[in-house]
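# Residue-level structure breakdown
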Amino acid sequence: MVYARSQRVVDAYMRGQSTEEEFLKEIRYDLDWGYDWRSFRRLFDVARARGIPVFGIDCEPRSGFRFIQRRDAHAAAHIAGIARRRPGAKIVVVIGESHLARRHLPGKVQ
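Just so you know, these numbers come straight off a predicted model, no measurement behind them.

With that out of the way, let us pick up the overall build of the chain. Of the regular secondary structure elements, the chain holds six helices and zero strands. Starting at the N terminus and ending at the C terminus, the chain contains elements arranged as α-α-α-α-α-α. Expected size for 110 residues packed as a compact globule is a radius of gyration near 13 Å; at 14 Å, the chain falls within 12% of this value. Across its three principal axes, the chain shows a C-alpha extent of roughly 40 × 35 × 20 Å. Counting across all 110 residues of the chain, residues that qualify as buried make up 35%.

This is the structure:
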């Protein structure tokens, strides 16, 4: 639920250099995402406490299914890049179910 273009904002938040309010404003959470932040906050809190890096992998536009192939390709490229830079790392991807069909994100990452 974070655009790849917002990675510097994610990094600053994870290092404790910005507040939660600043982070959510800078990634336009309410405007672009709108899901209940409390569930995601727990993931970010655990990652920060354990020094686990968090990466934004999504891109615009998010309107409907018309652009889902483009978004899948973008996210897959980021996931593959992370895997190449961190061989042997366990990667957890939190993404909407529409991206999980075999010919979508899983197929593109491979």
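Here the chain averages 91 in pLDDT, while 100% of its residues score no lower than 70. Mean pLDDT per element in the chain: helix H6 (residues 105-109) is the minimum at 81, and helix H1 (residues 7-14) is the maximum at 98.

Summed over the entire model, instances satisfying the criterion amount to eight aromatic pairs. With a centroid separation of 6.3 Å and an interplanar angle of 55°, the aromatic rings of Tyr 35 and Phe 40 are classed as tilted. Overall, Tyr 35 belongs to the partly exposed group, its relative accessible area being 46%. For Phe 40, a relative accessible area of 16% puts it in the buried group. A network of ring pairs unites the aromatic residues Tyr 13, Phe 23, Tyr 29, Trp 37 and Phe 44 as a single cluster.

Another aspect to go through is the pattern of salt bridges. This model, assessed by the stated rule, comprises six salt bridges. In this structure, the salt-bridge partner of Glu 26 is Arg 8, at a minimum N-O distance of 3.7 Å. Taken together, the residues Glu 26 in helix H2 (residues 20-26) and Arg 8 in helix H1 connect sequence positions 18 residues apart. Residue class for Glu 26 comes out partly exposed when judged on its relative accessible area of 43%. The salt bridge involving Arg 38 is made with Asp 36; its shortest N-O contact spans 2.7 Å. Judged by relative accessible area, Arg 38 falls into the exposed class, the value being 54%.

Checked against the element boundaries, Val 2 lands in the segment before H1. With a relative accessible area of 6%, Val 2 lands in the buried category. Dropping the residues within four chain positions of it, Val 2 is found in contact with Val 10, Ile 27, Trp 33, Phe 44, Gly 56, Ile 57 and Asp 58.

With that settled, consider H1. Think of an α-helix as turning once every 3.6 residues; residues three or four places apart then point the same way. In terms of burial, H1 is a largely internal element, six of the eight residues being buried. Among all positions of H1, only Gln 7, Val 9, Val 10, Ala 12, Tyr 13 and Met 14 are buried. A positive backbone phi angle near 80° is found at Gly 16, which sits one or two residues after H1.

Parameters at a glance
- Residues numbered from 1 in each chain as written.
- Predicted model: local features only at pLDDT ≥ 70, side-chain atom pairs only at ≥ 80, totals over all residues.
- Heavy atoms only, no water.
- Helix = DSSP H or I, 4+ residues; strand = E, 2+ residues; numbered from the N terminus.
- Rg over C-alpha atoms; globule rule 2.2 N^0.38 Å.
- Buried < 20%, exposed > 50% of the residue type's maximum accessible area, 1.4 Å probe, protein only.
- pLDDT = per-residue confidence, 0-100.
- Phe/Tyr/Trp six-rings, centres within 6.5 Å; stacked < 30°, edge-to-face > 60°.
- Salt bridge = Lys/Arg side-chain N within 4 Å of Asp/Glu carboxyl O.
- Contact = heavy atoms within 4.5 Å.

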